[in-house]
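For reference, the chains in residue letters:
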Amino acid sequence: YAQFSCVPQELVVKKTKNLSFNEAATIPLAGMTAYRSTLAVSAAKKGDIVFVAGAGGGVGSFATQLLKLAEVAEIYTVAKDEKSAQFLVETLEIERDHILIYEGLSTEQLRDRLIEMNKGHFFDATFDFVGQDMKRLCLEVTGYSGHFSTILPETKFDFPFWGENSIPRGRNL
């Protein structure tokens, strides 16, 4: 609530005229959330093959760019329809054959098709920026000793985490 505040000049940029103050305020929040969920926790490294649920959203679009900077080998994601897939290709430069259209598919079908798209392999790291079914999907496609990162707490998430036969425990996630 201060009228003025002192900060290092490296932490400040001029707001562009085409953004409102509210819109501009979302940029550092989404960017830092993406950074904390990808690079800050060393969830992805050079050469990894990763899956990003929600790549087209605010945090997901930042995360995708950060993952490219980390030099992951391949990024896979899902899109609702062909129009959304085209957006991901044009704006985030995700390869079209790495985008699965999810409309009308069950979580199990998505899991099987993603693994098939990845030449029968699980992913080195997965990132959930959507929650619920996409969080479940991420957990199911994360490989052995892989990394799973999410930004969404769940109040009711029925997924066995610590049971004897659970995926996270069995795969050492």
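Residues numbered from 1 in each chain as written. Predicted model: local features only at pLDDT ≥ 70, side-chain atom pairs only at ≥ 80, totals over all residues. Heavy atoms only, no water.

Quick look at the overall build of the protein chain
Looking only at helices and strands, one finds six helices and five strands in the protein chain. Secondary structure elements in the protein chain, listed N-terminal to C-terminal, are α-β-α-β-α-β-α-β-α-β-α. Dimensions of the protein chain, computed from the C-alpha atoms along their principal axes, are close to 55 × 35 × 30 Å. Here the protein chain holds 173 residues, and 37% of them are scored as buried. As displayed, the protein chain offers around 10900 Å² of accessible surface, 55% of which is attributable to carbon and sulfur atoms. Here the protein chain contributes 18 positive and 22 negative side-chain charges, whose respective centroids are spaced 5 Å apart. (Helix = DSSP H or I, 4+ residues; strand = E, 2+ residues; numbered from the N terminus. Buried < 20%, exposed > 50% of the residue type's maximum accessible area, 1.4 Å probe, protein only. Areas by Shrake-Rupley, 256 points an atom, 1.4 Å probe, with all protein chains shown as cover. Lys, Arg positive; Asp, Glu negative; His and termini not counted. Charge placed at Lys NZ, Arg CZ, Asp CG, Glu CD.)

Details of helix α1 (residues 21-37)
Relative to the 24 Å expected for 17 residues at 1.5 Å per residue, α1 spans 25 Å between its end C-alpha atoms, a close match to the ideal helical length. For α1, the complete set of buried residues consists of A24, A30, G31, A34 and S37. All buried residues of α1 lie within an arc of 160° about the axis, which places them on one face of the element. Counted as exposed and oriented over 90 degrees from the buried face of α1: F21, N22, L29 and R36. (Expected span 1.5 Å × (residues − 1). Arc of directions from axis to C-beta.)

Structural notes on the sheet that holds strand β3 (residues 99-101)
Taken in spatial order, the five strands of this open sheet run β3-β2-β1-β4-β5, and their pairing is parallel. Each edge of the open sheet is held by one strand with a lone partner, namely β3 and β5 (142-150). For this sheet the average axis-to-axis angle between neighbouring strands, irrespective of direction, equals 20°. Contacting β1 (49-53), β2 (74-79), β3 and β4 (123-128), helix α4 (residues 107-117) runs over the sheet at an angle of about 150° to β3. Against the sheet, helix α5 (residues 133-141) contacts β1, β2, β4 and β5, and its axis sits at roughly 155° relative to β5. (Pairing = 2+ DSSP bridges. Axes fitted to C-alpha atoms, helices over the stretch in contact; angles between N-to-C directions. Contact = heavy atoms within 4.5 Å.)

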